[in-house]
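Descriptive analysis of the structure
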Amino acid sequence: MASSRIEQIIEEIEEYIDSCKFQPLSSTKIVVNKEELEELLRELRMKTPDEIKRYQKIISNKDAILEDAQSKADAIIAEANAQAQKIVSESEVMRIAVDQSKQLLDETNAQAQDIMDRATEDSNNIRMSAIRYTDDMLENLEKIMSHTIEAAGTKYSNFINSIQSCYDIVSKNRSELSPSVDPSSYTQPVAEDSDASEAE
């Protein structure tokens, strides 16, 4: 069976992550292109509902299988009843006719039950396969998103630390140049940027 588009997207995300360069002095943290990764995730979010609907449709085929089996069983029973009635009405020996009709009904009921049992087993197998596949797909997606969130959080934390370090150096230099100036009058660019980010 050909792979679905959502599987292809997951493979593209994995290949992209493998192709990313490591951060300096790190063998575990990587540098990612935010726009490129967001584009892949956006397509993944768009395709996931369609993929799940497709497997829900496969699961719903269980009802169609059972209905078809019931229809076949009803047709067999109806035909058997018709034949039994014909045997009873046309036979000169009522006892033989009744025995034959009873045997025919027992056989057709057994056939109908066998059809229902096999149809139920087939539909359950289809349902379990679809559920397993969907769960595996969502598990892979969960791992990828967790890794992406962790990498993005680390990158943002390192950026803030770097800005704070630069700010501390600037503040120290100003203090050394103008010891009489109150340090509390200094601007706080880092805090302002942070507030602006939170407002967005």
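Note that this is a predicted model, so its numbers are computed, not measured.

**Concerning the pattern of salt bridges**
Counted by the stated rule, this structure contains five salt bridges. In this structure, Glu 39 and Arg 42 form a salt bridge, with 2.5 Å as the shortest nitrogen-oxygen distance. In this pair, Glu 39 and Arg 42 are both assigned in helix 2 (residues 34–90), three residues apart and thus about one turn of the helix distant. Since its relative accessible area comes to 36%, Arg 42 is described here as partly exposed. Two residues, Arg 118 and Asp 114, come together in a salt bridge whose shortest N-O distance is 2.9 Å. With Arg 118 and Asp 114 both in helix 3 (residues 94–177) and four residues apart, this pair spans about one turn of that helix. Of the residues examined, Asp 114 reaches a relative accessible area of 39% and is grouped as partly exposed.

**Some words on the nonpolar core**
The biggest cluster of nonpolar side chains holds 15 residues, and the ones touching the most others in it are Ile 10, Ile 13, Tyr 16, Leu 37, Leu 41 and Leu 44. Elements that contribute at least two residues to this core include exactly helix 1 (5–19), helix 2 and helix 3. The element that contributes the greatest number of residues to this core is helix 1, accounting for six residues. In contact with Tyr 16, not counting residues within four places along its chain, are Val 32, Asn 33, Glu 36, Leu 37 and Leu 40.

**A few points about the environment of Asp 99**
Tracing the backbone shows Asp 99 in helix 3. Using a relative accessible area of 41% as the deciding quantity, one classes Asp 99 as partly exposed. Between the C-alpha atoms of Asp 99 and Ala 84, which are 15 residues apart in sequence, the distance is 9.6 Å.

Thresholds, definitions, all that
Residues numbered from 1 in each chain as written. Predicted model: local features only at pLDDT ≥ 70, side-chain atom pairs only at ≥ 80, totals over all residues. Heavy atoms only, no water. Salt bridge = Lys/Arg side-chain N within 4 Å of Asp/Glu carboxyl O. Helix = DSSP H or I, 4+ residues; strand = E, 2+ residues; numbered from the N terminus. Buried < 20%, exposed > 50% of the residue type's maximum accessible area, 1.4 Å probe, protein only. Core = buried A, V, L, I, M, F, W, Y, C linked by side-chain atoms within 4.5 Å. Contact = heavy atoms within 4.5 Å.

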